[in-house]
Amino acid sequence: MPARLASSSPIPDPQMDPLTLAIAPPPDESPEQKTRREAEEQEAKRVSEAIDEALKQERLSDKKKRPVKLLLLGQSESGKSTTLRQFQRLYTPTAFRQERALWRSVIQLNLTRSVRIILDALEAQLAQNTNYYVQSHSNAYSYNQPGPSSFHESRTMNIMNDDNDNANESASFHPATIPFSDHLLLVMRRLLPLRHLEALLMAKLAPPEEDEATRLTFPPPVTHPNPHRPSSAEATLPSASTANNNNNNQKAPERDAFNSHDPTQIIHSCREDILDLWHEPAVREVLRRRKVRLEESPGFFLDDIERVTSLKYLPSEDDVLRARLKTVGVSEYRFEMELSAGKESGSEWRIYDVGGTRSQVPAWVPFFENIDAIIFLAPISAFDQTLVEDRTVNRLEDSVLMWKMICQNKMLSKVDLVLFLNKCDILGSKLSSGIRLAKYVRSYGERSNDVDTASKYFRTKFSAIQREYSPIPRRFYGYLTSVTDITTTSGILASVRDMIVREHLKQSRLI
Ligand SMILES: Nc1nc2c(ncn2[C@@H]2O[C@H](COP(=O)(O)OP(=O)(O)OP(=O)(O)O)[C@@H](O)[C@H]2O)c(=O)[nH]1
Ligand SMILES: [Mg+2]
């Protein structure tokens, strides 16, 4: 920008600073010289003002072009990546549909893991059966002695698969045992290869230090010196961020990965046994007694065995939303929002999806800058669960602490907060199965143990924390969600999008 010229002064003041003195008119200036000088000064002033105006316009249009930035926060398994996938499904539907095939391995791993969890529970039960059988024979145990807590709640069952009739008879009175039919034992044996398959898929979809899949596709074949130890860079999720330009990954990774150990083949050949296992009443009883609630766990596909184990299985949109793939690091998803009438800005969006485990929380901070809105997910169904990374911490308490931390963060004081009280579907099934919320959340008191009352109670609590902890008053939007549900989530995301675009536009006009 050119320096502005001082207005004329016929007699220079000797006290003036050197710059003013230098540009002051000469003391002996003639009337013609004065006229010319004043015209030049006018012109310079006009140019200076034009430059100022151009800069202002440029700043304004930069701001208008600024992408809308949305950050997804919340603890691990709260539903951040699922929410991101819902955005993808709604706003880049073609890419989302094309990517479905890539999810097959992850879903196969999810299913295989559920089977392994059942096998583990059955083996533990078998050991317990055997234990009581041995005790009944060593005469060292009286059935009248107090036992484990489930002991008195359980109904009496027989130990089967025992060729000693007398022993079986005496153990049959023990309530902590559950009968295993010969067929069940056979099914368990025949499903053993799935343990190996789980390990094989894990080696492909997760780095060695992780115990869950963290990447969608297999790493490129053998560019790394040791193919069994992928680098940590490879461990980061290839991510939804590449929704529009990820087509290179689409060359059916399974084809080259397992020639002789094709997971699809292996899983398909186990189909009948998996079905038998899942529908066996004794298995359900073992799971019930051991409080293994697979239906409410991430990546549950046991109600879709026939479909998921078919040789031509292609994941549906719903499957992709229900699949579990842990986020490591931060993934960015960019997309163009269709322009609608009257919306001159906010067409480019960037959504940041972060990993939610505790060790990853510090990595969120750099993404707090220039954010338009945050969607914070609190899974309210987790009131009776603890964190995977720290079994001493209750998940609901952790969500509340994290919510306080976000509300009171000064860098975020002007950011709009959207709260998704998520997993309401699981909350509903837990409460209707008889689990009492008040047992875990004392302040819930005598309120009715139903999903409507409970979710509204949580909304009031989270909203009060927001009001109390925000450094300055701000806009807050709270929703009760089940983000795996396509119908309800589409409506909620459309409202959230409209709100964010409206506020983004207002900010652009404030410059
Ligand atoms: N039933 C049900 N399942 C849900 C809901 N939201 C998410 N899930 C499932 O919960 C699992 C975890 O969800 P993610 O979206 O991976 O969780 P995240 O917050 O991204 O977790 P990290 O990546 O570890 O931080 C997935 O299998 C989802 O399908 C919900 O509202 N209801
Ligand atoms: Mg995630």
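Worth saying up front: this structure is predicted, and the values here are computed from it rather than measured.

**Focus on the domain arrangement of the protein**
Looking at the protein, the domain boundaries give domain 1 (68-92 + 337-507) and domain 2 (103-320). With 13 residues of domain 1 in contact, the opposing surface of domain 2 contributes 11 residues. Of all residues in domain 1, the largest losses of buried area upon contact with domain 2 belong to Glu77, Arg85 and Gln88, amounting jointly to 37% of the total for that side. Summed over the shared surface of domain 1 and domain 2, the number is one salt bridge.

**Notes on the pattern of salt bridges**
Per the stated rule, a full pass over the model turns up 34 salt bridges. With a shortest N-O distance of 3.7 Å, Arg89 and Glu317 are connected by a salt bridge. You can see Arg89 sitting in helix H3 (residues 80-91) and its partner Glu317 sitting in helix H16 (residues 317-322), a full 228 residues away along the chain. The class for Arg89 is buried, based on a relative accessible area of 13%. Residue Glu503 is joined to Lys506 by a salt bridge in which the shortest nitrogen-to-oxygen separation is 3.4 Å. Highlighted residues: Glu503 and Lys506, both in helix H21 (residues 486-509), separated by three residues, approximately one helical turn. The class of Glu503 is buried, set by a relative accessible area of 7%. Residue Lys506 is classed as partly exposed on the basis of its relative accessible area, which comes to 46%. Linked by salt bridges that have partners in common, Arg113, Arg116, Asp120, Glu123, Arg195 and Glu198 make up one network.

**Some words on the environment of Gln108**
Relative to the helices and strands, Gln108 resides in helix H5 (residues 104-138). Classification of Gln108 as buried rests on a relative accessible area of 1%. As a C-alpha pair, Gln108 and Leu311 span 203 residues in sequence and 12 Å in three-dimensional space.

**Regarding the packing of aromatic side chains**
Each aromatic ring pair is summarised here by two numbers: the centre-to-centre distance and the angle between the ring planes. For the structure shown, the criterion picks out 14 aromatic pairs. Between Tyr352 and Phe367, the aromatic rings sit 5.3 Å apart at their centres with planes inclined by 50°, giving tilted as the arrangement. Here Phe367 lies in the loop between strand S3 (348-354) and strand S4 (373-379) and Tyr352 lies in strand S3, a separation of 15 residues in the sequence. A relative accessible area of 25% places Phe367 in the partly exposed class. A connected cluster of aromatic rings, assembled from ring pairs, spans Phe87, Tyr91, Tyr333, Phe335 and Trp349. Above the face of the Trp278 ring, Arg284 is positioned so that its terminal group lies 3.9 Å from the ring centre.

**Side note on the UniProt feature "binding site: GTP" (unreviewed entry) in the protein**
What UniProt calls "binding site: GTP" (unreviewed entry) maps, in this numbering, to Leu321, Arg322, Ala323, Arg324, Leu325, Lys326, Thr327, Asn422, Lys423, Cys424 and Asp425. These annotated residues cover 105 residues of sequence, and their C-alpha atoms sit far apart, with the largest distance between any two at 22.7 Å. Checked against the element boundaries, Leu325 lands in the loop between H16 and strand S2 (330-336). According to the relative accessible area criterion, Leu325 is buried, its value standing at 5%. Looking at the secondary structure, you find Asn422 in strand S5 (residues 416-422). With a relative accessible area of 2%, Asn422 lands in the buried category. When neighbours within four sequence positions are excluded, Asn422 is seen to be in contact with Ser78, Gly79, Leu377, Ala378, Pro379, Ile380, Ser381, Thr481, Ser482 and Val483.

**Considering the UniProt feature "binding site: Mg(2+)" (unreviewed entry) in the protein**
Per the UniProt annotation, the sites labelled "binding site: Mg(2+)" (unreviewed entry) are Thr327. Among the structural elements, Thr327 can be located in the loop between H16 and S2. Within the local environment of Thr327, its side chain forms a polar contact with the side chain of Ser81, the two groups lying 2.8 Å apart.

**Quick word on the packing of helix H18 (residues 424-432) against helix H20 (residues 451-469)**
Axis angle and axis distance: for two packed helices, these are the angle between their axes and the distance between the axes, and together they describe the pair. Look at H18 against H20: their axes get within 9 Å of each other, and the N-to-C directions meet at 130°. By the criterion of interaxial angle, the relationship of H18 to H20 is oblique. Of the two elements, H18 crosses H20, and the hand of that crossing is right-handed. In this structure, H18 uses Cys424, Leu427, Gly428 and Leu431 to contact H20, whose residues at the interface are Val451, Ala454 and Ser455. The class makeup of the residues in the contact of H18 with H20 is five nonpolar, two polar and no charged.

**Observations regarding helix H14 (residues 281-289)**
Where H14 is concerned, the buried positions are Ala282, Val283, Glu285, Val286, Leu287 and Arg289. Lys291 sits one or two residues past H14 and shows a positive phi near 60°.

**Quick notes on the environment of Asp416**
Mapped onto the fold, Asp416 is located in strand S5. Placed 42 residues apart in sequence, Asp416 and Ile374 show a C-alpha to C-alpha distance of 6.5 Å. There is a polar contact of 3.3 Å between the side chain of Asp416 and the side chain of Arg475.

**Notes on the nonpolar core**
Ranked by size, the top nonpolar core spans 47 residues in total, and within it Ile118, Leu122, Leu191, Leu277 and Leu302 carry the most contacts. For this core, the element with the highest residue contribution is H5, accounting for nine residues. In terms of nonpolar packing, the next biggest core, distinct from the first, is built from 35 residues, Trp364, Ile374, Leu437 and Tyr457 among them.

Reading guide: rules and limits
Residues numbered from 1 in each chain as written. Chains lettered and ligands numbered in written order. Predicted model: local features only at pLDDT ≥ 70, side-chain atom pairs only at ≥ 80, totals over all residues. Heavy atoms only, no water. Domains from an automatic or database assignment. Contact = heavy atoms within 4.5 Å. Buried area = accessible area lost by both parts, 1.4 Å probe. Salt bridge = Lys/Arg side-chain N within 4 Å of Asp/Glu carboxyl O. Helix = DSSP H or I, 4+ residues; strand = E, 2+ residues; numbered from the N terminus. Buried < 20%, exposed > 50% of the residue type's maximum accessible area, 1.4 Å probe, protein only. Phe/Tyr/Trp six-rings, centres within 6.5 Å; stacked < 30°, edge-to-face > 60°. Lys NZ or Arg CZ within 6 Å of the ring centre and 35° of its normal. UniProt positions renumbered as here; feature names shortened; annotations may be inferred. Polar contact = N/O pair within 3.5 Å; in protein donor to acceptor, adjacent residues only side chain to side chain. Axes fitted to C-alpha atoms, helices over the stretch in contact; angles between N-to-C directions. Parallel < 35°, antiparallel > 145°, perpendicular 65-115°, else oblique. Left-handed = near helix turned anticlockwise from the far one by under 90°. Nonpolar A, V, L, I, M, F, W, Y, C, P; charged D, E, K, R; others polar. Core = buried A, V, L, I, M, F, W, Y, C linked by side-chain atoms within 4.5 Å.

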